[in-house]
Each structure stands twice: as structure tokens, then as C-alpha cells.
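Descriptive analysis of the structure
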Amino acid sequence: MENLNQEQAAVAQAQTSENAENKKASRKVFVKTYGCQMNVYDSDRMTDALSNDGYESTDTLEDADLVILNTCHIREKAAEKVYSELGRIRKLKEEKAKDGKDMMVSVAGCVAQAEGGEISRRAPVVDLVVGPQSYHRLPELLKQAKEGQKVVETEFDIEDKFKHLATPSKEAVRKRGVTSFLTVQEGCDKFCTFCVVPYTRGAEVSRSVEQIVGEAKQLAAAGVRELTLLGQNVNGWHGAGADGREWGLGELLFELAKIDGLTRLRYTTSHPRDMDDALIAAHRDLDILMPYLHLPVQSGSDAILKAMNRKHTRDDYFRLIDRIREARSDIAMSGDFIVGFPGETDQDFRDTMDLVERVGYASAFSFKYSPRPGTPGALLEEQIEENVKSERLAELQALLAHQQQAFNASLVNQRIEVLFEKMGRREGQLAGRSPWLQPVHVNAPAELYGEMATVEIVGSSANSLEGRLI
């Protein structure tokens, strides 16, 4: 009888444990990501950290037990957009509470770093404010929040974050697809006068070669075929190698090219001052490194470049473009432009238009200058009127759009390699990317998902290509 009671107790205990585990595993997290690719990477890392704590991802806000807004502070009125979203979430949280259901709310990312405790004050619905360097501590911080604390964690400790980032499961990596981001560097020491990054992400910190190569191998083993290295100033990466030396990005790319399974490498975002000989040589010698380079210049005027604290001239940029194109003749250039920076004259703007015409861009991002609180640019006199900014932006974007469309059209009738990343919008169609990052739509069997194939380009539009499988 005693043995039977012991067996019954063991069964009951196992069932209790199983029920607890099922309850734990049933928790769902909804992550909304704003802004750059680094935020996408960070959102995945947060999800990985939480999966070890029993959370699974959901794409439906209403199903979430935990909502995370991973925010960006680069664009104008970024904080106000977050507060507006929190207002909608507050109503949902109140409705769930009426049904006896709890929902935790967290604000993460650069707005969290910039606003800190102000978020909790203005939006009491928020349980946890966490900056970009503390995502590895999410389970611990959530536990504190569940105990009733209003948690604000915005300390800079990037080295600790990289050391303790959760490792994603193979299943999680496969679910995300055959392309992946990998952060190698965070922060920026350049202090461009228009930019908040040094204040929200901190000083430049580079991960070690061992960390980066280890993560890249895990991703490749899980089926990733294309890897994009990320950093606020990615070509400023200088990481410690196992040989005791400090490596540069060019040397790192050569090392990553050796990994079995990887077929493509990319990196973004770069600064002209950090394009050294070794990195240019990587573009020349590594077929796995795609012939596409995002190299922001911001303005074509020396006066404005000086006011922006870019510490390079338009001629420096021209000479650099020439060296890069000499090393890799088929490389396509992408860039960033800001119009209407304080003090920008008509001639300054004409210099930017001249630079764009001379370089020729396959794609670019362009914006009107908007003051970021806490940056030197916000304090400059001679702020440009909004209507002038709008007129200049429209003219610049028309030229950039013309160049992009011309570049796309130049690929028609050419045969290129496409990596198929997802199912297309139409039945029997796959979608992939060209070496120059354009979306390519092709009628192809589903078995080619995740594979490279030769495609003849038969049509182009402003933003994509149509291909025929060879």
C-alpha cells in the first residue's frame, strides 16, 4: 500500500509539474519593432531570451501576455508615436483585466534609452523600460516588474550584453528564414551633429572574433545562407582575435567566408572614414561578399559636411568611390542624404545634387532634417523653413528614384544569381534577392526555397525585378 501511495504521489507530482510547464509555455510575447535592422536583430535576441523563460512569439497583439515595443529614436516625433501606441495598448490591457487576464507592457530600444523614467511617468501602463544594452536581463527584469516594481533599466554595459545573449534554437532560426542579421558592433564615436546614436547606444564597442564566428556558425548550421553584419558604424569594427591581435572588418569577412553553408555576406551601415584598404580588398577578392555597399555621405556640400561634423569632404568621398569601383567594377552604391540641415544654402543643395549625379546610386534613403533633442544640430541657428526642406527633398528624391529605376532596368536580359527567401505573393511564385539587394519575383517550385538559382531578368520596376528561372 505504501508503495502504491508513493507511485500515486509521484504521478500527481509529475502531472502538477506538467501542468505548470504547460502554463509556463503557454505565455505569449508580441514584439513590435521600429526602425533599423539592428532593432530587428535585438527583437530576435529578446525573443530568444524569453523563450528560455517559457514565452512563445505571437503575431497577434490581442493574444499577448507580454507586449514589447522595440523603439527607434532616429525619426522625428519618435517618442510621441510610441506614446500614441501605448494609449491603444492601455485600452487592450484594461479589457483583458476585466476578463481576469494579465498583460505586461515593456518599452525597449532607443526611445527607452532616451526617455527613461519619463515613459513610466507619462504612460503608467508600462511595467518595464529597458535600454538596448540590457535585453539579456529581460527574464530577471520581468520578474521584478511582476512583483510590482516599476523597472527602468537603461545602463550602458554592452560587453555584458554580448557575453550573455541567449542562443536561439535551430527551430527559431529556421522559422526566421534563410537570411539573418548579426550585430558585430554597437554605438558610435563619430558624434555627427544631427545624430542621437552616441547618446542612445553609447560609445563604440566591438564584439570579439570568437563571439561573431561562433554565432555565424550556429546560424549557418540552422540553415542561414545569407548573413548581414550590423553596426551603427559597422566598418569601424575592431574586435579581439584569438591570436591576440585586433582585427578589422575586412579580415573578419575573410574569416566568415570560410564557414560551410554561408553563400552570401553583407554589412551595414558604414562611414566613409572607416573604409580601409583591407575592407576594399575584401570587396575585390571575396565572391561571397555581395557587390552592394551602403555608404552614407549625407550631403554634397563641404560647408554642410563640416557643420555635420562628418570630418570628410566631397572630394574625399569621390576618391573613395573611385577606389571601391576599381576594386569591384560591378558594385552598386547606396547612401543616406539629409536636406535642409541648418545653414544649407541653395548652392549647398546644388552641391548635393551634383554629387548624386556624379556617383550614381542604385538606391538611397533621403530625409528632411529634423532636430533631435540633445544633439548639437538642434541648437544651431539658421534652421531651414519647412517648405524649403520639402521642395529640396522632392527634387532630390526624384533624381534618386530615376537612378534606381535606371539601375534596375540595366539588369533586364541579364542572368543573375538569386537566393530564394520566401514564397511569392502569387501561387507558384518564389521571392528572393539579387546580389544588389533588389527583390526578385520568379515562377519557381517551392523546393527552391532557401536555394540559389540562376535567373534571367525579364522585367523591372522602380523597386523590384521579374525573373525567369533558367
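What counts as what
- Residues numbered from 1 in each chain as written.
- Predicted model: local features only at pLDDT ≥ 70, side-chain atom pairs only at ≥ 80, totals over all residues.
- Heavy atoms only, no water.
- Helix = DSSP H or I, 4+ residues; strand = E, 2+ residues; numbered from the N terminus.
- Rg over C-alpha atoms; globule rule 2.2 N^0.38 Å.
- Buried < 20%, exposed > 50% of the residue type's maximum accessible area, 1.4 Å probe, protein only.
- Contact = heavy atoms within 4.5 Å.
- Areas by Shrake-Rupley, 256 points an atom, 1.4 Å probe, with all protein chains shown as cover.
- Lys, Arg positive; Asp, Glu negative; His and termini not counted.
- Charge placed at Lys NZ, Arg CZ, Asp CG, Glu CD.
- pLDDT = per-residue confidence, 0-100.
- Pairing = 2+ DSSP bridges.
- Axes fitted to C-alpha atoms, helices over the stretch in contact; angles between N-to-C directions.
- Patch = residues over 30% accessible without salt bridge, like charges linked within 9 Å, V, L, I, M, F, W, Y side chains within 5 Å.
- Salt bridge = Lys/Arg side-chain N within 4 Å of Asp/Glu carboxyl O.
- Arc of directions from axis to C-beta.

1. So, the overall build of the protein chain
- Counting secondary structure elements, the protein chain contains 16 helices and 21 strands.
- Compactness check: the protein chain gives a C-alpha radius of gyration of 24 Å against a globular reference of 23 Å for 470 residues, within 12% of the reference.
- Projected onto its principal axes, the C-alpha positions of the protein chain cover 90 × 55 × 50 Å.
- Looking at the 470 residues of the protein chain, the share that counts as buried comes to 52%.
- Look at the contacts in the protein chain between residues 6 or more apart in sequence, and 71% of them connect residues 24 or more apart.
- Summing over all exposed atoms, the protein chain offers an accessible surface of approximately 22,000 Å²; the carbon and sulfur share of this is 48%.
- Taken as two groups, the 59 positive and 73 negative side-chain charges of the protein chain have centres that lie 2 Å from each other.

2. Side note on the confidence of the model for the protein chain
- Averaged over every residue, the pLDDT of the protein chain is 89; the share at 70 or more is 91%.
- Counting contacts from residues 1-25, a segment whose pLDDT is below 50, to residues more than four positions away or on other chains yields four contacts.

3. Comments concerning the sheet that holds strand 4 (residues 104-109)
- Here six strands make up an open sheet; going across it, the order is 2-1-3-4-5-6 and the pairing parallel. Pairing within the sheet leaves two strands with one partner each, and these edge strands are strand 2 (55-57) and strand 6 (151-153). Here the strands of the sheet are splayed against their neighbours by 20 degrees on average, with no regard to which way each runs.
- Note that strand 1 (residues 27-33) and strand 3 (residues 66-71) share five bridges and pair parallel. Across the sheet, residue Phe30 finds its bridge partner in strand 3, namely Val67.
- Relative to strand 3, helix 2 (residues 37-51) is tilted by about 155 degrees, and along the sheet it contacts strand 1, strand 2, strand 3 and strand 4.
- Helix 6 (residues 138-146) rests against strand 1, strand 2, strand 3, strand 4, strand 5 (128-130) and strand 6 of the sheet, and its axis sits at about 150 degrees to strand 5.

4. Thoughts on a negative patch on the surface
- Judged by side-chain charge, Glu62, Asp63, Glu95 and Asp99 come together as a negatively charged surface patch.
- Mapped onto the elements, Glu62 comes out in the loop between strand 2 and strand 3.

5. Describing the sheet that holds strand 7 (residues 179-183)
- Strands sit in the order 7-10-13 across an open sheet of three strands; the sheet is parallel. Either end of the sheet is taken by a strand with one partner, and the two such strands are strand 7 and strand 13 (264-268). Taking each pair of neighbouring strands and ignoring which way they run, the sheet shows an average axis angle of 25 degrees.
- Bridge count between strand 10 (residues 226-230) and strand 13: five bridges; the pairing is parallel. When the sheet's bridge partners are listed, Leu230 is paired in strand 13 with Thr268.
- Lying on the sheet, helix 10 (residues 209-221) is in contact with strand 7 and strand 10; it crosses strand 7 at an angle near 165 degrees.

6. As for the pairing of strand 4
- Of all six residues in strand 4, six are buried; the element is thus mostly enclosed.
- Of the strand pairs in this sheet, strand 3 and strand 4 are connected by six bridges, and their pairing is parallel. Bridge pairing in strand 4 links Ile68 to Ser106.
- Relative to strand 5, strand 4 runs parallel, the two sharing three bridges.

7. So, helix 11 (residues 249-256)
- Along helix 11, the residues classified as buried are Leu249, Gly250, Leu252, Leu253 and Leu256. Angular distribution of buried residues about the axis of helix 11 spans 160 degrees; they occupy a single face of the element.
- Contact partners of the buried residues in helix 11: helix 10, strand 10, strand 12 (246-248), strand 13 and helix 12 (277-285).

8. So, the pairing of strand 3
- Extensive coverage of strand 3 is indicated by the burial of six of its six residues.
- The alternating pattern of strand 3 places Leu66, Ile68 and Asn70 on one face and Val67, Leu69 and Thr71 on the opposite face, and all of these are buried.

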